[in-house]
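Below, each chain spelled out in residue letters.
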Amino acid sequence: MPLSNIATIVAHPEHRETVTQALTAMLAPTRAEAGCQQYDLHVDQSDPNRLVMIERWTDDAALDAHIATPHMAQLKAVIADKTSGIDIQRLTYLA
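I will try to describe carefully the structure that is included in this document. (Residues numbered from 1 in each chain as written. Predicted model: local features only at pLDDT ≥ 70, side-chain atom pairs only at ≥ 80, totals over all residues. Heavy atoms only, no water.)

Focus on the packing of helix α1 (residues 16-31) against helix α3 (residues 70-79)
- Direction vectors running N to C along α1 and α3 enclose 180°, while the axes themselves pass 10 Å from each other. By the angle between their axes, α1 is roughly antiparallel relative to α3. Contact with α1, carried on its side by Thr18, Val19, Ala22, Leu23, Met26, Pro29 and Thr30, involves His71, Met72, Leu75, Val78 and Ile79 of α3 and no other residues of that element.
- In terms of residue class, the contact of α1 with α3 is made up of nine nonpolar, three polar and no charged. (Axes fitted to C-alpha atoms, helices over the stretch in contact; angles between N-to-C directions. Helix = DSSP H or I, 4+ residues; strand = E, 2+ residues; numbered from the N terminus. Parallel < 35°, antiparallel > 145°, perpendicular 65-115°, else oblique. Contact = heavy atoms within 4.5 Å. Nonpolar A, V, L, I, M, F, W, Y, C, P; charged D, E, K, R; others polar.)

Observations regarding the environment of Ala28
- Summarising the element assignment, Ala28 is placed in helix α1.
- The class of Ala28 is exposed, set by a relative accessible area of 59%.
- When the C-alpha positions of Ala28 and Gln45 are compared, they lie 24 Å apart, and in sequence the two are 17 residues distant. (Buried < 20%, exposed > 50% of the residue type's maximum accessible area, 1.4 Å probe, protein only.)

Focus on the side chain of Asn49
- In this structure, Asn49 sits in strand β3 (residues 47-57).
- Here the side chain of Asn49 touches Arg16 through a polar contact of 2.8 Å, side chain to side chain.
- Other than its neighbours up to four places away in sequence, Asn49 contacts Ile9, Val10, Ala11, Pro13 and Arg16. (Polar contact = N/O pair within 3.5 Å; in protein donor to acceptor, adjacent residues only side chain to side chain.)

As for the sheet that holds β3
- Across the sheet, four strands lie side by side as β2-β3-β1-β4; this open sheet has antiparallel pairing. The open sheet terminates on both sides in strands that have one partner only, identified here as β2 (36-44) and β4 (83-92). For this sheet, the mean inter-axis angle between neighbouring strands, taken without regard to orientation, is 15°.
- In terms of strand pairing, β2 meets β3 through eight bridges, oriented antiparallel. (Pairing = 2+ DSSP bridges.)

Topic: the side chain of Thr30
- Inspection of the secondary structure assignment puts Thr30 in helix α1.
- In this structure Thr30 touches Cys36, Tyr39, Trp57, His66 and His71, once residues within four positions along its chain are discounted.

Keep in mind these values describe shape, not function.
So this is what it looks like as structure tokens:
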């Protein structure tokens, strides 16, 4: 069953560019992954430090495989101390 994932990343203001660049670098390799239907980066209009990745995956296995990729490990290493929070919502698609 398809699922959506919404990841909200709040960058420290002094690291906003680094975090944005690291997230942008994830787009191409992630979009090429099996099971990825959507992987889009957004910025909150009221807070430029709040970045939101909206994702759609064919199933839980595809998302789990994404989480285990080397480019995801790289992202985590780059942004680890440059954010004040990361919130991930895993949603089951209904309609």
